[in-house]
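Structural description and commentary
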Amino acid sequence: MTENELKKLSIRKREIERDIKKLLEDVAKIDRTIPGIDNEISQVVSELNLTAVELRIPGLSTDVKAQLRTREQQLRTEKELQLRKESQLRTEKELLLREKERLQREREQLQTQEAKLRAALGQTVSSSYVYLDRALLMDPPSKTNMKREQLDPVAGPLIQNWRPTQDKSSGLLPELAHPTFGEVVELLDSDTEVDQAVIDVASQLCCIGADLYQNEAQLTKRVRGLLLPFLEDKVVTTVESGFAGNKVSPDWALGDSPENPTNLFLIAEVIGPHARLSAVAWLNRVTIFPLTPLLNLLPAHPVTDRLLMPVARMLAALRAGLRKLTQDHATAAVRTAAEHEVAQAGPAKAEDAKAEEAEAEEAAAETEDAETAEELADLLEAKPVSEEKLPWPIAMDARYRIATAYSLAAPNHTYRVGLAGDDSGREGVVAVKLCRSYSLAAHQRWADLGLAPKILRSMPLPGGWLLVEMEWLSAPQWRPLSKLSKEELDEAQCAVQQALERAHTATGMVHGDVRPPNCLMRRDEASWEVRFVDFEWAGPEGEATYPACLNPDIPWPEGVGYRKQLQREHDIKLLAATLAARGAAAASAASTGTTAGRGRRTRGRGAVRSLNTTSSSGRSAAPPGIAVVFARHRIAGISWRQHGAISWTRPAAPGRRLVW
């Protein structure tokens, strides 16, 4: 028994599920048809009875009697035909139900074989197969309750598209899913010159989009006729591997296999007189996020190029990103072929090496798992992260052992990760933060005073992101100020205030978000050590400013607001206010006799406003069908004709010029 046999069983099981569904549809169709035939038979019987009555009328001429008898014979023939048709339908229904029962028995047998085979191979059900099974058995989008699919409590959302809320259906942002997406975002945000050929195509697209059409097919035909020659070249060609080998349409698709789907796409949607570019990735399920807002396709040039140039920049980014994704796929295909050739040349040796490596990893994992479990026992928000959900700067870097990655503060991208080649000791563990803004200068100045974790390295990433790697302050020695007991808090509060004043005086830098979760504490004999973390907003006093989305549930001091300058007194007052709020909450809980369950606590509120809202409407979670989609493909025969892309875009940083 091999993995190939397991795959064949799974495929056959899905085929049976589809066949059963088709049989039930046919049975339902027969059930809808039979009542109509019964009505027709009843009408024929009524006419026969009426004809019989007319034949008994005395004094009828020979011709009239002949006509009535001919009519009577025709009605009897029609009745016989309808009765025969009804009998055939009932027989067909019986055969369909028997076939359904046979298929159900075969499915049960396959499920038993599959379970035994998985047990023999030591495998669990692949989440990829589970997702595909679910999608393959779905009704067409027009007949699917998208609200139900997005809010499925067991299987999770059908599409990760940030609808209806970030908590329920969000995934990695495109810039963190793959570096090419980050490069596309940079192109969209840049002032790089666009060549004349791209501008000409954008001009034609604006004219096509503004025209009026009788149906969507006409718009699709004209858009494809324009964009296919523009996008196609020697590099961008049809990909003949994985899902893309299944006669997909349109012309470009990336994919490897259903066992390890790492598909990446750029899709250009033309929706009437509007266009949009989005990124689609397979992150354990389909994830989609818009890279641009809806752009107007109106021929306002040459009077003004305000509408034309964003479209031209979108087309330039689409072409560049498509070429890069295709090159990446070709490189991966060559690498996979080389690995396969090596494996064929020495299968026994490769298997031995693989087994030895697996044993070593298992032994190291057992030791590390025990240590990690003890260390993270108090960090209840820490969760292990699967490889497909890890940001690419961690997942693609050989420096990190991705199997050891833990997410510490979702949806913020902060991780605890083990370093490769060092399986013993805490020196092999680091904290990695991915963010769009970070004051390395303030962090480093405070770290030089021993008041922040040491920065080990930093690296700019495509799309305006930054990777900051710092020392890991391990639990339970280091704990957030928010997790100290009341007695410990009374002792540690003075140390935090003194450390904050010292950092302000020595560096002139303001933190901007000095709340208890961002103050890590460790008792050292009779005193407390302090380390401040999260310097996204930090900077020189009177120069650095606050971002737009501030959490209104946090007691911000007076003077804090969008683009308002950071002040030392803000740090001091925010710390005092949040500590006072914590004390009041604890006193209220004690007075009402309520206690939290063992090991449970209320999750700390982030400093950034949550954009989650619960929708009570029954509207579909996906927008209307789009006129044309490029660089997309079908996953196992499913045409993703609808996409639940959200309608808002990433805001520009303070002081940064909006591109659109």
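Residues numbered from 1 in each chain as written. Predicted model: local features only at pLDDT ≥ 70, side-chain atom pairs only at ≥ 80, totals over all residues. Heavy atoms only, no water.

Turning our eyes to something else, we now look at the overall build of the protein chain. Secondary structure assignment for the protein chain yields 15 helices and 15 strands. Counting the 660 residues in the protein chain, one finds 41% classified as buried. In the protein chain, of all internal contacts separated by at least 6 residues, the share reaching a separation of at least 24 is 66%. Summed over all atoms, the accessible surface of the protein chain reaches about 35,500 Å², with 52% contributed by carbon and sulfur. (Helix = DSSP H or I, 4+ residues; strand = E, 2+ residues; numbered from the N terminus. Buried < 20%, exposed > 50% of the residue type's maximum accessible area, 1.4 Å probe, protein only. Contact = heavy atoms within 4.5 Å. Areas by Shrake-Rupley, 256 points an atom, 1.4 Å probe, with all protein chains shown as cover.)

All right, on to the environment of lysine 383 then. Considering the arrangement of structural elements, one finds lysine 383 in strand S5 (residues 383-384). Note on lysine 383: relative accessible area 55%, which makes it exposed. Spatially, the C-alpha atoms of lysine 383 and alanine 409 are 9.0 Å apart, while their sequence positions differ by 26 residues. Apart from residues lying up to four places away in sequence, lysine 383 is in contact with Ala405, Tyr406 and Ser407.

Moving on to the packing of aromatic side chains. Under the criterion given, the structure shown has six aromatic pairs. Geometrically, the ring pair formed by tryptophan 537 and tyrosine 546 is edge-to-face, given 6.3 Å between the ring centres and 80 degrees between the ring planes. There is no split in this pair, since tryptophan 537 and tyrosine 546 are both buried. Between tryptophan 537 and tryptophan 556, the ring centres sit 6.0 Å apart and the planes meet at 40 degrees, which makes this aromatic pair tilted. Separated by 19 residues along the polypeptide, tryptophan 537 in the loop between strand S14 (527-532) and strand S15 (539-540) and tryptophan 556 in the loop between S15 and helix H15 (568-592) bring together distant segments of the chain. Given the relative accessible area of 14%, tryptophan 537 is considered buried. Following the ring pairs from residue to residue traces out a cluster consisting of Tyr438, Trp446, Phe532 and Phe535. (Phe/Tyr/Trp six-rings, centres within 6.5 Å; stacked < 30°, edge-to-face > 60°.)

Taking 1.5 Å of rise per residue, the 22 residues of helix H14 (residues 486-507) would be expected to cover 32 Å, and the 31 Å separating its terminal C-alpha atoms lies within 8% of that figure. Along H14, the helix axis deviates most sharply at alanine 492, where the bend reaches about 35 degrees. For H14, the set of buried residues is Glu488, Leu489, Ala492, Ala495, Val496, Ala499, Leu500, Ala503, His504 and Thr507. Following H14 by one or two positions, glycine 508 has its phi on the positive side, about 70 degrees. (Expected span 1.5 Å × (residues − 1). Bend = angle between axes of the 7 residues up to and from the residue.)

Turning our eyes to something else, we now look at the UniProt feature "coiled-coil region" (unreviewed entry) in the protein chain. Within this numbering scheme, the UniProt entry marks residues 6-33, 86-123 and 348-383 as carrying the feature "coiled-coil region" (unreviewed entry). Its end C-alpha atoms 41 Å apart, residues 6-33 is made of 100% helix and 0% strand. (UniProt positions renumbered as here; feature names shortened; annotations may be inferred.)

Bringing the state of the cysteines into the picture now. Inspection of the entire model under this criterion finds zero disulfides. Of all cysteine sulfurs, the one in cysteine 207 lies closest to cysteine 206, which takes part in no disulfide; the gap is 6.9 Å. With relative accessibility at 0%, the residue cysteine 206 sits in the buried group. (Disulfide = S-S within 2.5 Å.)

Further remarks concern the side chain of histidine 301. Mapped onto the fold, histidine 301 is located in the loop between strand S4 (295-296) and helix H10 (308-345). Among the polar contacts listed, one links the side chain of histidine 301 to the side chain of serine 203, at a separation of 2.7 Å. Contacts of histidine 301, omitting those with residues within four sequence positions, involve Ser203, Cys206 and Leu308. (Polar contact = N/O pair within 3.5 Å; in protein donor to acceptor, adjacent residues only side chain to side chain.)

The subject of this paragraph is the sheet that holds S14. Ordered in space as S11-S13-S14, the three strands form an open sheet in which the pairing is antiparallel. Because the sheet does not close on itself, it has two edges, and the strands there are strand S11 (479-480) and S14. Bridging between S11 and strand S13 (residues 519-524) involves two bridges; their strand directions are antiparallel. Its bridge partner being in S13, proline 480 is matched across the sheet by leucine 520. Seen against the sheet, H14 touches S11, S13 and S14 and runs at an angle of roughly 55 degrees to S14. (Pairing = 2+ DSSP bridges. Axes fitted to C-alpha atoms, helices over the stretch in contact; angles between N-to-C directions.)

Turning to the sheet that holds strand S8 (residues 429-435), a few remarks are in order. Pairing in this open sheet of six strands is antiparallel, and the strands run S5-S6-S7-S8-S10-S9 from one edge to the other. Each having just a single partner strand, S5 and strand S9 (455-461) make up the two edges of the open sheet. Where strand S7 (residues 413-419) and S8 come together, six bridges link them in antiparallel fashion. Residue histidine 413 lies in a different strand from S8, and its bridge partner there is leucine 434. Across the sheet, helix H13 (residues 440-448) is in contact with S9 and strand S10 (465-471); its angle to S9 comes to roughly 180 degrees.

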